[in-house]
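Per-entry structural report
Listed below are the residues making up each chain.
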Amino acid sequence: MYHASRLSVAPMLDWTDRHCRYFHRLLSSQTLLYTEMVTTGAIIHGKGDFLAYNEEEHPVALQLGGSNPADLATCAKLASERGYDEINLNVGCPSDRVQNGRFGACLMAEPELVAECVAAMKEVVDIPVTVKTRIGIDDQDSYEFLTRFVSLVSEKAGCEQFTIHARKAWLSGLSPKENREIPPLDYPRAYQIKKDFPHLQIAVNGGVKTLEESLEHLKHLDGVMIGREAYQNPYILAQVDQLIFGLDTPVKKRKQIVEEMYPYIERQLANGSYLGHISRHMIGLFQAMPGARQWRRYISENAHKKGAGIEVLETALAKIPAELDV
Ligand SMILES: Cc1cc2nc3c(=O)[nH]c(=O)nc-3n(C[C@H](O)[C@H](O)[C@H](O)COP(=O)(O)O)c2cc1C
């Protein structure tokens, strides 16, 4: 039987790219890391390699955006051949751009189509195919609406895991950002889904800011997905291996994480990446510590400059008081 990861970092467009995931992996060896959403169109017709990732990122899940079963199957197969550990279908993103392509949260209204999509992917891969969804859309926000969605997609397509962002989405009228803040969180709905579908793996997402809260959710559910807090305050991940996964490895210090990034950064720079593309994910690392503002500012002002290398991070690190053992 397949088990959901007890903790994961959410898919976040423009944020959870491969540099970010490499950095997060240094903070936690066990957390499941999701890619940004990648559309089937980008993979099939795009010019770049949209499936590139670093081996060190495992376990890593690819989130796909799309609603054409054949295209999704093509992309899932490619991803599985490339070694991804899970494929996740985005049924939660409410942006207009996404709705025009008929995928994301609007697919909640078409559970049969979602089931077809999941079935088509499961047909061609052995890795888990999971779904990330909301608790409802627009006026379709009853518990029955959600159960109908979950039962159809699990029974028809054999989907075994759902990650539920525990708020509904308004498909028009709210921006994606507002749709992450305004509709109220309703965790009991996610708990009730687990009670009603005990054979399924259910993870919850939305508004989780601490590992203590995560442990509370884990009393009711199989997994917790953290988005913004993991990105903006990444050091929250440093104790996940110990507190959530029960390992007895030492908790790494922030300074150690920065230094562990150096060899990676040097390799990436040698391959033509810019420091700023990597260091932008690291600026929240010292949140709430003395020197955090100077760390952040020095990186923001210098990492984008031509030829910038790890000396920028070394100088920024020197802004953190030396006597601070963090
Ligand atoms: C910058 C940003 C980009 C996001 N991109 C995606 C995405 O590509 N796919 C997706 O399913 N959700 C996306 N989300 C939503 C998150 O995955 C998550 O569901 C949401 O932020 C709620 O979790 P949180 O309160 O822990 O942040 C994005 C969120 C943010 C802040």
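What counts, and at which threshold
- Residues numbered from 1 in each chain as written.
- Predicted model: local features only at pLDDT ≥ 70, side-chain atom pairs only at ≥ 80, totals over all residues.
- Near = placed C-beta within 6 Å.
- Helix = DSSP H or I, 4+ residues; strand = E, 2+ residues; numbered from the N terminus.
- Nonpolar A, V, L, I, M, F, W, Y, C, P; charged D, E, K, R; others polar.
- Pairing = 2+ DSSP bridges.
- Axes fitted to C-alpha atoms, helices over the stretch in contact; angles between N-to-C directions.
- Contact = placed C-beta atoms within 7 Å.
- Parallel < 35°, antiparallel > 145°, perpendicular 65-115°, else oblique.
- UniProt positions renumbered as here; feature names shortened; annotations may be inferred.
- Buried ≥ 20, exposed ≤ 12 C-beta atoms within 10 Å, placed from the backbone.
- Domains from an automatic or database assignment.

**Here we look at the site of the ligand**
Taken together, 23 residues surround the ligand, and among them A10, M12, M37, G227 and R228 come closest. For the shell around the ligand, the elements supplying multiple residues, two or more each, are β2 (32–39) and α9 (228–232). Residues that form the shell around the ligand fall into these classes: nine nonpolar, eight polar and six charged.

**Things to note about the sheet that holds strand β6 (residues 161–165)**
The eight strands lie next to each other as β1-β2-β3-β4-β5-β6-β7-β8, forming a closed barrel whose pairing is parallel. Shown here is a sheet whose adjacent strand axes are inclined to one another by a mean of 25 degrees, direction ignored. Alignment of strand β1 (residues 7–9) against strand β8 (residues 223–226), held across three bridges, turns out to be parallel. From the neighbouring strand, L7 faces β8, where its bridge partner is V224. Those strands touched by helix α7 (residues 187–196) are β6 and β7 (201–205), and its axis lies near 175 degrees from that of β7.

**Some thoughts on the packing of helix α11 (residues 254–270) against helix α14 (residues 310–317)**
Where α11 contacts α14, the two axes come as close as 10 Å, and the packing angle between them is 170 degrees. The pairing of α11 with α14 is recorded here as roughly antiparallel in orientation. Listed contacts from α14 to K255, V258, Y262, I265 and E266 of α11 are I310, L313 and L317. Here the residues of the contact of α11 with α14 are counted per class, giving six nonpolar, no polar and two charged.

**Quick look at the UniProt feature "active site" (unreviewed entry) in the chain**
Under the UniProt annotation, the feature "active site" (unreviewed entry) is placed at C93. You can see C93 is positioned in the loop between β4 (86–91) and α4 (96–100). Taking the number of C-beta atoms within 10 Å as the measure of exposure, C93 has 24 and is therefore buried.

**Quick word on the domain arrangement of the chain**
Annotation of the chain at the domain level lists domain 1 (3–245) and domain 2 (254–324). Summarising the inter-unit geometry, the C-alpha centres of domain 1 and domain 2 are found 29 Å apart. Per element, the largest residue contribution to the side of domain 1 that touches domain 2 is six residues, and it comes from helix α1 (residues 18–27). Grouping the constituent residues of the side of domain 1 that touches domain 2 by class yields seven nonpolar, three polar and no charged.

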